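Reading the structure
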Amino acid sequence: MAGIKKWAAIGVAIVVVTVAVVAALVLYRGGSDANQINVYFFNQIERQMEAEVRPLPEGEFQIYDIIMYLHAGPRTGGLDTTWPLELAPQPEDLISAVKLQDTTLYVFLTPVFHEMSPINQSLFKAAFIHTLGEAPLVSDIKLLVTENYNYAFEAIMRGLDDDGQNNDNDEDYTPYVPLIIYDSNHAGILINPLDPPISPQWMANRTFNNLHFVDATGTGLVVESYFAEDINMQPRRLAEYMLDLLIAGPRQEGAVSLVPPETSVLRIETDGSDIYVNLSSDFFTRFVGSRRDAHLMIYSIVNTLTAELAQTRVFFLIETQQVEQFHGVEDFNTEFTRDNTWLLSYIEALALEDESDEYETEEETE
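Residues numbered from 1 in each chain as written. Predicted model: local features only at pLDDT ≥ 70, side-chain atom pairs only at ≥ 80, totals over all residues. Heavy atoms only, no water.

A closer look at the sheet that holds strand S1 (residues 36-43)
With antiparallel pairing, 3 strands are arranged side by side in an open sheet as S2-S1-S3. Strand pairing shows two members of the sheet lacking a second neighbour, strand S2 (48-55) and strand S3 (79-80), which therefore form its edges. Examined bridge by bridge, S1 and S2 share 8 bridges and lie antiparallel to one another. The residue of S2 that forms the bridge with asparagine 38 is valine 53. Helix H2 (residues 62-72) contacts S1 and S2 of the sheet and is inclined by roughly 30 degrees relative to S1. (Pairing = 2+ DSSP bridges. Helix = DSSP H or I, 4+ residues; strand = E, 2+ residues; numbered from the N terminus. Contact = heavy atoms within 4.5 Å. Axes fitted to C-alpha atoms, helices over the stretch in contact; angles between N-to-C directions.)

Overview of the sheet that holds strand S4 (residues 95-101)
In space, the 4 strands of this open sheet follow the order S4-S5-S6-S7, with mixed pairing throughout. Each of the sheet's edge strands pairs with one partner strand only, and the pair in question is S4 and strand S7 (179-183). Strand-to-strand twist in this sheet, taken as the mean axis angle between neighbours without regard to direction, amounts to 20 degrees. The sheet contacts of H2 involve S4 and strand S5 (104-109), and relative to S4 the element is tilted by about 135 degrees.

Describing the environment of serine 225
Within the element layout of this structure, serine 225 appears in strand S9 (residues 221-227). Residue serine 225 is classed as partly exposed on the basis of its relative accessible area of 29%. Taking the C-alpha atoms as reference, serine 225 lies 6.1 Å from leucine 211; in sequence the two are 14 residues apart. (Buried < 20%, exposed > 50% of the residue type's maximum accessible area, 1.4 Å probe, protein only.)

Some details on the nonpolar core
By size, the foremost hydrophobic cluster in this structure holds 43 residues, and its most contacted members are Phe283, Ile298, Leu305, Phe316, Phe326 and Phe332. Of all elements in the fold, only strand S8 (208-215), S9, helix H7 (235-248), strand S11 (265-271), strand S12 (274-279), helix H9 (291-308) and strand S13 (313-318) reach the threshold of two or more residues within this core. Setting aside residues no more than four positions away along its own chain, isoleucine 298 makes contact with Phe316, Phe326, Val329, Phe332 and Phe336. Within the second largest apolar cluster, 38 residues are counted, among which are Leu94, Phe113, Ala135 and Ile181. (Core = buried A, V, L, I, M, F, W, Y, C linked by side-chain atoms within 4.5 Å.)

Considerations on the packing of H7 against H9
It is the contact of H7 with H9, at a shortest axis distance of 10 Å, that shows an interaxial angle of 145 degrees. The interaxial crossing formed by H7 with H9 has right-handed handedness. Of the residues in H9, those touching H7 at Leu238, Ala239, Met242, Leu243 and Leu246 are Ser300, Ile301, Thr304, Leu305 and Glu308. Here the residues of the contact of H7 with H9 sort into 7 nonpolar, 2 polar and 1 charged. (Left-handed = near helix turned anticlockwise from the far one by under 90°. Nonpolar A, V, L, I, M, F, W, Y, C, P; charged D, E, K, R; others polar.)

Comments concerning the pattern of salt bridges
Following the criterion strictly, the structure yields 6 salt bridges and no others. Across the salt bridge formed by arginine 286 and aspartate 282, the nearest N and O atoms sit 3.0 Å from each other. Judged by its relative accessible area of 46%, arginine 286 falls in the partly exposed class. For aspartate 282, a relative accessible area of 19% gives the class buried. Residues participating in the shared-partner salt-bridge network are Arg236, Arg267 and Glu269. (Salt bridge = Lys/Arg side-chain N within 4 Å of Asp/Glu carboxyl O.)

With respect to the confidence of the model for the chain
Confidence in the prediction of the chain, expressed as mean pLDDT, is 76, and 69% of residues score 70 or more. The low-confidence segment residues 10-32 (pLDDT under 50) makes 9 contacts with residues lying over four places distant or belonging to another chain. Contacts for the low-pLDDT stretch residues 186-207, under 50 throughout, to residues beyond four places or in other chains number 59 contacts. (pLDDT = per-residue confidence, 0-100.)

Points about the packing of aromatic side chains
The final tally for this structure, using the stated rule, is 14 aromatic pairs. Ring geometry for phenylalanine 284 against phenylalanine 326: centres 5.5 Å apart, planes inclined by 75 degrees, an arrangement best described as edge-to-face. With phenylalanine 284 in helix H8 (residues 282-285) and phenylalanine 326 in the loop between S13 and strand S14 (336-337), the pair connects residues that are 42 residues apart, well separated along the chain. Taking relative accessible area as the criterion, phenylalanine 284 reaches 27% and is therefore assigned partly exposed. Geometrically, the ring pair formed by phenylalanine 316 and phenylalanine 332 is stacked, given 5.2 Å between the ring centres and 15 degrees between the ring planes. Here the residue phenylalanine 316 occupies a position in strand S13, and phenylalanine 332 occupies one in the loop between S13 and S14, the gap between them amounting to 16 residues. Through a chain of ring-to-ring contacts, three or more aromatic side chains come together here, namely Phe283, Phe284, Phe287, Tyr299, Phe316, Phe326, Phe332, Phe336 and Trp342. (Phe/Tyr/Trp six-rings, centres within 6.5 Å; stacked < 30°, edge-to-face > 60°.)

Details of the pairing of S1
The buried fraction of S1 amounts to 6 of the 8 residues, a majority that puts the element mostly inside the structure. Looking at chain direction, S1 and S3 are connected through 2 bridges and run antiparallel. Directly across from asparagine 43, in S3, lies its bridge partner leucine 79.

With respect to H2
Here H2 has its buried residues at Gln62, Ile63, Ile66, Ile67, Tyr69, Leu70 and His71. In the stretch just after H2, glycine 73 is the one whose phi turns positive, near 90 degrees.

A short note on the environment of proline 74
Within the fold, proline 74 resides in the loop between H2 and S3. Judged by relative accessible area, proline 74 falls into the partly exposed class, the value being 25%. In the structure, proline 74 is positioned 35 residues away from valine 39 in sequence and 8.5 Å away in space, judged by C-alpha atoms. Setting aside chain neighbours within four positions, we find proline 74 in contact with Phe41, Glu52, Arg54, Leu79, Asp80 and Thr81.

This is the structure we're talking about:
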């Protein structure tokens, strides 16, 4: 009888341990369904990262197969791929190798990464980090850009300190140091302030700056979206940041900035619903264009600021002084409010509406 109880107790213990191990593995694999993985893409309308659930690949090429999901793109309408297909039509054009060392995933990107615009770099990294961060056995991710991943990985494995020097005091060895653009152990070693945060939830709530540039044809305004440098940015700092981006000019083709590049933002002040923009004299003296161009430039600034800030009225100052007229624009010393009729999409919609009205009139005449 005692023997039966002993074996029964052992059996119960085995069951308990087995259940615990299975539960631990399920949790370790990232959720209740260990056979699935979230693959992240970008929703332009909602302006956030969203996941599609895919079967979790198995086998020694699991990491590569997950990367293939990112390369293949979304299946859901409304989601956009973050893979630069025009620059890297094949996965190996952008990712030369991946190495899983212990639980750290080293991803070696080719110099094609530098050909991507900063915002596309950020979107790619956000999708990649969030997706591969859920892969089994991966606890840390390092993204590196290098022309030769073999030398770079060898340098990493030999051990480098923070300034890229070899720790083993081998004087005959010259380390090949790659450019680290993301390191999850250091809250992200980032190459610019536009890079993504680590958490998908944080990413989903991240703000955008919708900058209004002038259409290259001078017809109206077009919108280009940028990541905010800091989600908790104060209004004055955010306004300065957006104006600096406007002055620097657009990244997309078919748009221009009419703000003279020599213009400096001297000071930004807010007072209730008002924002005062104090610009250097270059804004006035170096502007070249027609009266319509001046209107377009003014509303590119006004629409940009009022789209992102709580302030609804914009006042312009030149070297702290009010100016009554700006290149044919009267009452430049009074407030300006948002005007969406300058948006090219609005202008095109009006044109289509006019064409529709003409068509209906012709039908009635017949």
